[in-house]
Amino acid sequence: MTGAAERITEADIRTLVHSFYGRVLDDAELAPIFEQALSHRWDAHLETMVRFWSSVVLKTGSYSGKPHQAHMRLGLTPEMFGRWLSLFAATAGQVCEPEAAALFIDRAGRIADSLQISLGIGPKALNLPAAGPR
């Protein structure tokens, strides 16, 4: 997959991000979450996501946000992450070359796992017992 990253351009990332979030807005399960969280900030969010994916895939360092904090108060569930990943994979498969799609899908899965762990949800979440008196 290393060679795939070398062939991905900012234009490819922009196409993927805009195509994907177009699908999110049409999705009955995900659209309400994004519309409530972002209201009239869609354009800014799309640009942030282009920078995010550019940093992840092209290692440009153009994203400096805190995705874990941004997702903390949204009431997300593992099922929502599953739906997000499904839509993302379908979109990547349609707008990217196969190797590039595989790279994006792999990274998206890792990011979703990381977010779920930090949010304390999902099968990989660390459900540690509460520390009590010793």
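Look a little higher up for the structure.
The structure reproduced in this document is the subject of the present report.

What counts as what
- Residues numbered from 1 in each chain as written.
- Predicted model: local features only at pLDDT ≥ 70, side-chain atom pairs only at ≥ 80, totals over all residues.
- Heavy atoms only, no water.
- Helix = DSSP H or I, 4+ residues; strand = E, 2+ residues; numbered from the N terminus.
- Contact = heavy atoms within 4.5 Å.
- Expected span 1.5 Å × (residues − 1).
- Buried < 20%, exposed > 50% of the residue type's maximum accessible area, 1.4 Å probe, protein only.
- Core = buried A, V, L, I, M, F, W, Y, C linked by side-chain atoms within 4.5 Å.

## Examining the side chain of Gln 116
Thinking step 1. Within the secondary structure, Gln 116 sits in helix α7 (residues 98-119).
Thinking step 2. Leave out the neighbours within four places in its chain, and Gln 116 touches Pro 78, Phe 81, Ile 121, Gly 122, Pro 123 and Ala 125.

## Some details on helix α4 (residues 42-58)
In an α-helix there are 3.6 residues to a turn, and that puts residues three or four apart on one side.
Thinking step 1. With 17 residues, α4 extends 23 Å from end C-alpha to end C-alpha; this agrees with the ideal 24 Å at 1.5 Å per step.
Thinking step 2. Buried within α4 we find Trp 42, His 45, Leu 46, Met 49, Val 50, Phe 52, Trp 53, Ser 54, Ser 55 and Val 57.

## Quick look at the nonpolar core
Thinking step 1. Core analysis: the biggest nonpolar cluster contains 34 residues, and Val 17, Tyr 21, Phe 34, Trp 53, Trp 84, Phe 88 and Phe 104 have the highest contact counts within it.
Thinking step 2. Counting residues per element, the ones that place at least two in this core are α2 (10-26), α3 (31-38), α4, α6 (78-95) and α7.
Thinking step 3. Excluding residues within four positions of it along the chain, Phe 34 makes contact with Tyr 21, Val 24, Ser 39, Trp 42, His 45 and Trp 84.

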